[in-house]
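Listed below, chain by chain, are the residues.
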Amino acid sequence: MRAAVLHDGRVVFRDDVPDPVPGPGQVLVGVRSCGICGSDLHFAAHGGELLSLAAQMGGPTDVDLARDIIMGHEFSAEVLEAGPDTDTLRPGTLVTSVPAVLSAEGVIPIGFTDRAAGAYAERMLLSAPLLLAVPNGLDHRHAALTEPMAVGLHAVNKSGIERGETALVLGCGPIGIAIIAALQVRGVEPIAASDFSPKRRELATTMGAHQTIDPAQGSPFDTVAPKVVFEAVGVPGIIDDVMRRIPSGSRIVVAGVCMEPDTVHPFFGIAKEISVQFVYAYDPMEFAESLRAIAEGDIDVSPLITGEVGLDGVSQAFDDLADPERHCKILVKP
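Source: prediction; values computed, not measured.

## As for the pairing of strand S16 (residues 305–309)
Okay, so step 1: Here 4 bridges tie S16 to strand S17 (residues 329–332), and the two strands are oriented parallel to one another. When the sheet's bridge partners are listed, valine 309 is paired in S17 with valine 332.

## Structural notes on the pattern of salt bridges
Any two side chains of opposite charge can pair, on the condition that their charged atoms come close.
Okay, so step 1: Tallied over the entire structure, the rule returns 19 salt bridges.
Okay, so step 2: A salt bridge links glutamate 105 to arginine 115, with the nearest nitrogen and oxygen atoms 3.9 Å apart. Here glutamate 105 is found in the loop between strand S6 (100–103) and strand S7 (106–109), whereas its partner arginine 115 is found in the loop between S7 and strand S8 (123–127), with 10 residues between them in sequence.
Okay, so step 3: Here glutamate 105 falls in the exposed class, since its relative accessible area comes to 64%.

## Overview of the sheet that holds strand S13 (residues 228–231)
Okay, so step 1: If you walk across this open sheet you meet the 6 strands as S12-S11-S10-S13-S14-S15, and the pairing is parallel. Both edges of this open sheet fall to strand S12 (211–213) and strand S15 (275–278), since each of them pairs with a single strand only. Going from strand to strand, the sheet's axes swing by 20° on average, the running direction of each strand aside.
Okay, so step 2: Here 4 bridges tie S13 to strand S14 (residues 251–254), and the two strands are oriented parallel to one another. The residue bridging phenylalanine 230 from the neighbouring strand is valine 253, located in S14.
Okay, so step 3: Contacts from helix H4 (residues 174–186) reach strand S10 (167–170), strand S11 (191–194) and S13 within the one sheet, and its direction differs from that of S10 by about 165°.

## What about helix H1 (residues 38–56)?
Okay, so step 1: Here H1 is 19 residues long, yet its end C-alpha atoms lie only 22 Å apart, well below the 27 Å a rise of 1.5 Å per residue gives.
Okay, so step 2: The axis of H1 is deflected most strongly, by about 95°, at histidine 46.
Okay, so step 3: Inspection of H1 places Asp40, Phe43, Ala44, Gly47, Leu51 and Ala54 among the buried residues, and these make up the whole buried set.
Okay, so step 4: The elements touched by buried residues of H1 are strand S1 (3–7), strand S3 (26–35) and helix H9 (314–320).
Okay, so step 5: One or two positions beyond H1, positive phi appears at glycine 58, with a value near 85°.

## What to know about the packing of aromatic side chains
Okay, so step 1: For the structure on display, the rule yields 4 aromatic pairs.
Okay, so step 2: Measuring from ring centre to ring centre gives 5.3 Å for phenylalanine 43 and phenylalanine 112, while their planes differ by 85°; the resulting arrangement is edge-to-face. Taken together, the residues phenylalanine 43 in helix H1 and phenylalanine 112 in the loop between S7 and S8 connect sequence positions 69 residues apart.
Okay, so step 3: In this structure phenylalanine 43 comes out as buried when scored by relative accessible area, which is 4%.
Okay, so step 4: Taking 6.4 Å as the distance between ring centres and 75° as the angle between the ring planes, the aromatic pair formed by tyrosine 120 and phenylalanine 318 counts as edge-to-face. One end of the pair, tyrosine 120, is in the loop between S7 and S8; the other, phenylalanine 318, is in helix H9, with 198 residues separating them in the sequence.

## Considering the domain arrangement of the chain
Okay, so step 1: For the chain, the domain assignment lists domain 1 (3–133 + 301–332) and domain 2 (148–278).
Okay, so step 2: A straight line from the C-alpha centre of domain 1 to that of domain 2 covers 29 Å.
Okay, so step 3: At the interface, 12 residues of domain 1 touch 13 residues of domain 2.
Okay, so step 4: For the pairing of domain 1 and domain 2, the buried interface totals around 1100 Å² over both sides, and the portion due to carbon and sulfur atoms is 74%.
Okay, so step 5: Put simply, domain 1 and domain 2 have 0 salt bridges between them.
Okay, so step 6: With 4 residues, H1 is the largest single contributor of residues to the side of domain 1 that touches domain 2.

## Things to note about the UniProt feature "domain: Alcohol dehydrogenase-like C-terminal" (unreviewed entry) in the chain
Okay, so step 1: Residues given the UniProt feature "domain: Alcohol dehydrogenase-like C-terminal" (unreviewed entry) here are residues 174–295.
Okay, so step 2: Secondary structure across residues 174–295 comprises 40% helix and 16% strand; the distance between its end C-alpha atoms is 19 Å.

## So, the packing of helix H3 (residues 146–159) against helix H8 (residues 284–295)
Okay, so step 1: Between H3 and H8, the least distance of the axes is 8 Å, while the angle of their chain directions is 115°. When the axes of H3 and H8 are compared, the pair comes out roughly perpendicular. Taken as a pair, H3 and H8 cross one another with a handedness that is right-handed. Every residue of H8 that contacts H3 at Thr146, Glu147, Met149, Ala150, Leu153, His154 and Asn157 is listed here: Glu286, Phe287, Glu289, Ser290, Leu291 and Ile294.

Rules and cut-offs
Residues numbered from 1 in each chain as written. Predicted model: local features only at pLDDT ≥ 70, side-chain atom pairs only at ≥ 80, totals over all residues. Heavy atoms only, no water. Pairing = 2+ DSSP bridges. Helix = DSSP H or I, 4+ residues; strand = E, 2+ residues; numbered from the N terminus. Salt bridge = Lys/Arg side-chain N within 4 Å of Asp/Glu carboxyl O. Buried < 20%, exposed > 50% of the residue type's maximum accessible area, 1.4 Å probe, protein only. Axes fitted to C-alpha atoms, helices over the stretch in contact; angles between N-to-C directions. Contact = heavy atoms within 4.5 Å. Expected span 1.5 Å × (residues − 1). Bend = angle between axes of the 7 residues up to and from the residue. Phe/Tyr/Trp six-rings, centres within 6.5 Å; stacked < 30°, edge-to-face > 60°. Domains from an automatic or database assignment. Buried area = accessible area lost by both parts, 1.4 Å probe. UniProt positions renumbered as here; feature names shortened; annotations may be inferred. Parallel < 35°, antiparallel > 145°, perpendicular 65-115°, else oblique. Left-handed = near helix turned anticlockwise from the far one by under 90°.

And the structure:
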């Protein structure tokens, strides 16, 4: 089959990848759409560093970056065939899933290891118990964005934010936009958003922000006194700057993935009694809730989709996503 694979830090197109064969408990699916995630870009560029940091926390150490890795974890797919002794949804059913497979060794994340192939391919294997049928005739392109929307929902859930509390979202890339969408569904008002990119600020408004701020024109804290700040930038110095500027008793939710060591002044947090919450991914219930919100029209994800490519265009799409004025989310359509 055809696939786009990560090999030695580069994404390359292959047309001779062996077809996956479902085993017990597994389902063979045909990929319909898969979003390119910022974490895919990070993994391609900094895979060795990511694996080193994960190993320091007791994470897997058996990922071989010299082997072909099929990435892609934001997907929708069509059921093709069940493995032996496996009950599942009927063939032709449009599905999505938490991006993981169940094995005798535990849960294996899809798309970041050569042990579980992702959705930058024509076909892939999923675990039958984790499948979710896509409801309401939802477009497969929109269903593929369930995963990033779940990341935003999880950040909002962890924040404990309530109606009447002002939210400020720093960074309006895909995760910042997902946070804004989740805040809008929750009825939080006002929602302020800050980003250097005019296109991203425009998208933030479309997705529910009541106010957008260009940080090149001044700190967002000059015009907003937030109760909860969602940091979705992920560069050194941001957390410390937020702690210095936010009002006493505020909360910071860190969703941006910073790959470098960072420094904060604890005095700011102590003097203001600031709470800092780091967040990652989501749980299965949040994933299912995000699918429901998209399918029922609570969240319109169509404005996020700014491009579509085939498997032979994934490498170029990785480069194109570096320009925030051109793209938010590029979908791969095998």
